[in-house]
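Chain by chain, the residues:
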Amino acid sequence: MTTENIDYARYVDHTLLAMDATEAQIAKLCEEAQQHNFYAVCVNSGYVPLAAHLLQESEVKICSVIGFPLGAGLTVAKVFEAKAAIAAGAQEIDMVINVGWLKSGLLEEVKADIAAVREVCAAIPLKVILETCLLSDEQIVQVCEMCRELDVAFVKTSTGFSTGGAREEHVKLMRATVGSEMGVKASGAVRDRATAEKMIKAGATRIGTSSGVAIVSGDQAAAGSY
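Everything numeric in this text was worked out from a predicted model, so none of it was measured. (Residues numbered from 1 in each chain as written. Predicted model: local features only at pLDDT ≥ 70, side-chain atom pairs only at ≥ 80, totals over all residues. Heavy atoms only, no water.)

## Examining the packing of aromatic side chains
Working step 1: A full pass over the atoms with the stated rule returns 1 aromatic pair.
Working step 2: The positively charged end of Lys-127 is found above the aromatic ring belonging to Phe-154, 5.8 Å away from the centroid.
Working step 3: Between Arg-206 and the ring centre of Tyr-39, over which it is positioned, the NZ or CZ distance is 3.9 Å. (Phe/Tyr/Trp six-rings, centres within 6.5 Å; stacked < 30°, edge-to-face > 60°. Lys NZ or Arg CZ within 6 Å of the ring centre and 35° of its normal.)

## Some details on the environment of Ala-214
Working step 1: Among the structural elements, Ala-214 can be located in helix 9 (residues 212-217).
Working step 2: In this structure the C-alpha to C-alpha distance between Ala-214 and Arg-191, which are 23 residues apart in sequence, comes to 7.3 Å. (Helix = DSSP H or I, 4+ residues; strand = E, 2+ residues; numbered from the N terminus.)

## Topic: the nonpolar core
Working step 1: Ranked by size, the top nonpolar core spans 61 residues in total, and within it Ile-114, Val-128, Leu-130 and Val-155 carry the most contacts.
Working step 2: Among the elements that line this core, the one with the most residues is helix 6 (residues 137-150), at 6 residues.
Working step 3: Every residue in contact with Ile-114, bar those within four places of it in the chain, is listed here: Met-95, Ile-97, Leu-126, Val-128, Val-143, Cys-147, Leu-150 and Val-152.
Working step 4: Of all hydrophobic cores here, the second largest spans 7 residues; its members include Leu-17, Cys-42, Cys-63 and Val-65. (Core = buried A, V, L, I, M, F, W, Y, C linked by side-chain atoms within 4.5 Å. Buried < 20%, exposed > 50% of the residue type's maximum accessible area, 1.4 Å probe, protein only. Contact = heavy atoms within 4.5 Å.)

## Quick word on unusual backbone geometry
Working step 1: Along the chain, Phe-68 connects to Pro-69 via a cis peptide bond; the corresponding omega equals 0°.
Working step 2: Its identity as a non-glycine residue notwithstanding, Asn-37 has a phi of 60°, on the positive side.
Working step 3: Residue placement: Asn-37 occurs in the loop between helix 1 (23-36) and strand 2 (40-43).
Working step 4: Residue Asn-37 is classed as partly exposed on the basis of its relative accessible area, which comes to 39%.
Working step 5: The phi dihedral of Ala-122 is positive, around 50°, even though this residue is not glycine.
Working step 6: Of note, Ala-122 is situated in the loop between helix 5 (107-121) and strand 5 (126-129).

## With respect to the sheet that holds strand 1 (residues 12-16)
Working step 1: Spatially, 8 strands are ordered 1-2-3-4-5-6-7-8 in a closed barrel, and the strand pairing comes out parallel. Pairs of neighbouring strands in the sheet enclose a mean axial angle of 25°, with direction left out of account.
Working step 2: Across 4 bridges, the pairing between strand 4 (residues 92-96) and strand 5 is parallel. When the sheet's bridge partners are listed, Val-96 is paired in strand 5 with Ile-129.
Working step 3: Of the strands in this sheet, strand 6 (154-156) and strand 7 (183-187) touch helix 7 (residues 168-178), which is tilted by about 165° from strand 7. (Pairing = 2+ DSSP bridges. Axes fitted to C-alpha atoms, helices over the stretch in contact; angles between N-to-C directions.)

Next comes the structure, spelled out in C-alpha cells:
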C-alpha cells in the first residue's frame, strides 16, 4: 500500500469523548465528519441522540463507547448501556474490557463480559478496547483470541485516557492474532498523517482520533488532541 492509495477519511472515527464536551462541540464534530466524509463519529452515549439527529441525512455512522474509559463496571451495566446506546441511534459500539480481571487471570470472566455485550449488539459492529498500554504481549494475544472466537467486528488498542495510546508493534501483534478478516482499530495518540499511515500499514483498518481533519489535510493537530 502506497501513501497515494490511502483514503484516510474512510479510516477515521472522528472522536470527542471528553467529559466536558459541549453540544456545540459535538455539532462541530458532526459537521466536520460530513464535510470530510469520515467513516463515523464516536461520542459518549449521552450525545448519541444529538449525533443521530444531526447525521440523519448523512452516511456517517454513529459510534458510542461502553464501560468507558475504565471497563471495570458490572457486565449487566455494560449490557444495559449498550442496549440504550443502540436504541438511541448508535450504529457501532466500542466497549472496554475489564483489564483488572484480565490481569488477575480471570480469563473466562473477561470472555463472558465481552460475550454478553456481543450478544446485545447482534448485527451492530462491536469493537473491543484492550487498553494495550497496560497489557503484556501475551495478554493482548489472549484477548484477541477471545474476540476472534466470539466473532466481534474489531479489536481496538486504546481508550486514549490511560498511560498511552496506539503503538505500531501492538497493531501488528493484534493483526497477526486475529487474521485478515477482523477489523483492528488504532486509537489514542494518532494525531497526524504520518502516524495514521504507520498504523494502517501495520494492519489497522480504522483510526480513532480527534485529529481527523489534521490527518486528511496533512496538517499538525492541535495540542491535547486525542
